[in-house]
Amino acid sequence: MTLWLCLRFEKLSLQSLNLEEHTPVAIFQDQRIISMNQHAAFLGIKKGLFIEEVQELDSHLQLLERNKATEKKCLEDLCLWAYSITPRLNIWHDSLRLEIGGCLKLFGGLNNLLSEIDKSITSTGYDVRYGIAPNASACWVISYGEKKINAAFNSNLKERISSLPLNLLSEFSASTKKLSLIGLNTFGDIIKIPSQALKIRCEEKFIRFIEYVLGQREEIFSDYYPPNTFLDQHWFGYSVKNKNEIIPAIEHLLESFSTFLTNMQLYTNEIFWLFHSTGGDVEEFSINSTSGCANCTTWYQLTLIKFENQILKTSVEGLSLRCENLISTNSRNFDLLYQPETQEPREDLLDQLRSRLNSKNVRRLGCRDEHIPEFSVYTIDDDSRLSSNVKNQ
């Protein structure tokens, strides 16, 4: 069964630049307002107003120019998260479209999958509208009409889209304007007329899109292949100064990272934490693992050890987890006769010491297992004796 889910980020131009809700923020393009947060809307700021007009409403209003590169980067970062659900996904305008029909059993059914997706998206701070349909184009159109996730995807598709206006299709404005002149303003209007009559009045790419929406023409997509990197973010929505408030976000990001590594069959030996301050500055520190691992528990322990001694210079608004050195588990040698160690692996102890004492202060870890007390302690004199013996020889 083919089933597509659309995640349309209706405030992407705003929220890709600023997630602040306590101060008025508005986005402009070509000197006109195109988006604003709730605080700015309460002040009477609306889409279409000129910059000069909104500045008179509130002198404290923060105006930001639209940045399409930042919007694209946000969607690409979200693709990395979505890849843990399905490799069949693509970016369309301000949306992600995911083919979820092939992974319903893996997640225990549609309701469980939708609940998991909604939970993950909510944690990012982005406002999202959902749409479910048998094809990718239809799910994007439906996201404009249904405010909540509609699991009744088997209902009549034409009825679900019939009331939606054609002016949603801004890239086909030439065709929609022609249709509007003869009184055809909704999808329901053009569904009623013969396809041949529609082809005479409209451009070919518009006809093709409508056929995609109605399932009359099959869309072909390539599988998504993520870059060799990982980046996930958590925005608090307010300024955080207490370290304890950051720990749940660290746990959440590491769980997401562990899921990504497992699904991609990867591991790593270094991760980076980025703390985004209210002023826009970013404070970064790295965590290293000698042996490399994909286990979020190990990374969590090492992070807390280093975070314990970390002093945050300013309050934190967001937290990011980045990993650039991803290694395939296929390149790792596995011992088929391996027996689990009863003691903590020496590499883990070395990582913990380096995280607490700084990696430059701990070069290696020596171990002496003799049962004779005088030989069971490793001292620096052992190194000096060894060096003198080598010189004498």
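1. Comments concerning the overall build of the chain
Secondary structure summary: the chain contains 15 helices and 12 strands in total. Considering the chain as a whole, with its 393 residues, one finds that 41% of them fall into the buried category. As presented, the chain carries roughly 22600 Å² of accessible surface, and 49% of it is formed by carbon and sulfur atoms.

2. Overview of the sheet that holds strand 2 (residues 25–29)
Strand order in this open sheet of 3 strands is 3-2-4, and the pairing throughout is mixed. Strands at the two margins of the open sheet, each flanked by one partner only, are strand 3 (32–36) and strand 4 (62–65). In this sheet, adjacent strand axes meet at a mean angle of 40 degrees when their direction is disregarded. Pairing of strand 2 with strand 3, which is carried by 4 bridges, proceeds in the antiparallel orientation. Paired with I27 across the two strands is S35, which belongs to strand 3.

3. Quick look at the nonpolar core
Core analysis: the biggest nonpolar cluster contains 31 residues, and L7, F9, L96 and I117 have the highest contact counts within it. Those elements giving two or more residues to this core turn out to be strand 1 (4–8), helix 4 (68–82), strand 6 (95–99), helix 5 (110–124) and strand 7 (129–133). Counting residues in hydrophobic clusters, the runner-up holds 28 residues, among them V240, I247, F285 and C293.

4. Examining helix 5
One turn of an α-helix holds 3.6 residues; hence residues three or four places apart share an orientation. Counted at 1.5 Å a residue, the expected span for helix 5 with its 15 residues is 21 Å, and the 22 Å between its end C-alpha atoms agrees. What helix 5 keeps buried is the set L110, L113, L114, I117, S120, I121, S123 and T124. Positive phi shows up at G125, right after helix 5, with a value of about 90 degrees.

5. A closer look at the packing of aromatic side chains
Scanning the model with the defined rule gives 13 aromatic pairs in all. Each ring, one from F9 and one from Y126, has its centre 5.9 Å from the other, and the planes form 75 degrees; the classification is edge-to-face. Pair noted here: F9 is in the loop between strand 1 and helix 1 (12–15) and Y126 is in the loop between helix 5 and strand 7, with a separation of 117 residues, a long-range link. Residue Y126 is classed as buried on the basis of its relative accessible area of 9%. Where F172 meets F206, the ring centres are 5.8 Å apart and the plane angle is 70 degrees; that geometry is what we call edge-to-face. With F172 in the loop between helix 7 (157–161) and helix 8 (173–181) and F206 in helix 11 (residues 204–213), this pair connects stretches of sequence that are 34 residues apart.

6. Topic: the pattern of salt bridges
With the rule as written, the count across this model stands at 8 salt bridges. With a closest N to O distance of 3.7 Å, R129 and E10 form a salt bridge. Placement of R129 in strand 7 and of E10 in the loop between strand 1 and helix 1 is noted, with a sequence separation of 119 residues between them. For R129, a relative accessible area of 15% puts it in the buried group. In this structure, the salt-bridge partner of R217 is E211, at a minimum N-O distance of 2.9 Å. Put simply, E284, R322 and E324 are held in one network by salt bridges that share partners.

7. Quick notes on the sheet that holds strand 5 (residues 89–92)
Spatially, 5-6-1-7 is the arrangement adopted by the 4 strands of the open sheet, whose pairing is antiparallel. Of all strands in the sheet, those bounded by a partner on one side alone are strand 5 and strand 7. Mean inter-strand twist for the sheet, computed between neighbouring axes without regard to direction, equals 20 degrees. Bridging between strand 1 and strand 6 involves 5 bridges; their strand directions are antiparallel. Counterpart to L7 in the pairing with strand 6 is L96. Each of strand 1, strand 5 and strand 6 touches helix 4; the most contacted strand, strand 6, lies at about 20 degrees to it.

8. A short note on unusual backbone geometry
In this structure, Q31 is a non-glycine residue whose phi angle is positive, near 70 degrees. Its place among the elements puts Q31 in the loop between strand 2 and strand 3. The exposure class assigned to Q31 is partly exposed, which follows from its relative accessible area of 41%.

9. A few points about the pairing of strand 6
With 5 of 5 residues buried, strand 6 lies mostly within the body of the structure. The alternating pattern of strand 6 places S95, R97 and E99 on one face and L96 and L98 on the opposite face, and all of these are buried. Bridge count between strand 5 and strand 6: 4 bridges; the pairing is antiparallel. Within the sheet, the bridge partner assigned to L89 lies in strand 6 and is L98. Counting the residues in the hairpin turn of strand 5 and strand 6 gives 2 residues, including H93, whose phi is positive at 55 degrees.

Basis of the calculations
Each chain has its residues counted from 1, running along the sequence as written. Where local features are concerned, this predicted model is filtered to residues with pLDDT of at least 70; where side-chain atom pairs are given and counted, the filter is 80 or more; whole-chain, interface and lining totals use all residues. Hydrogen atoms and water are omitted, and side-chain values are computed over all heavy atoms in the structure. Numbering of helices and strands runs from the N terminus, with a helix taken as a DSSP run of H or I at least four residues long and a strand as a DSSP run of E at least two residues long. A simple rule labels every residue: compare its accessible area, found with a 1.4 Å probe on the protein chains alone, to the largest value its type can have, and call it buried under 20%, exposed over 50%, or partly exposed in between. Note on areas: these come from Shrake-Rupley sampling with a 1.4 Å probe, and a residue is covered only by the protein chains present in the view. Criterion used throughout: strands pair if DSSP finds at least two bridges between them. All axes are obtained by fitting lines to C-alpha atoms, using only the stretch in contact for helices, and the reported angles, taken between N-to-C directions, cover 0 to 180 degrees. Definition of nonpolar core: a set of buried residues of the types Ala, Val, Leu, Ile, Met, Phe, Trp, Tyr and Cys, connected through side-chain atoms within 4.5 Å. Every helix has an expected span of 1.5 Å times one less than the residues it contains. A pair of aromatic rings is counted whenever rings of Phe, Tyr or Trp (Trp by its six-membered ring) have centres within 6.5 Å, and the orientation is called stacked for planes under 30 degrees apart, edge-to-face for over 60 and tilted otherwise. Salt bridges are defined by distance alone: a side-chain nitrogen of Lys or Arg within 4 Å of a carboxyl oxygen of Asp or Glu. Residues are treated as being in contact if the distance between any of their heavy atoms lies within 4.5 Å.

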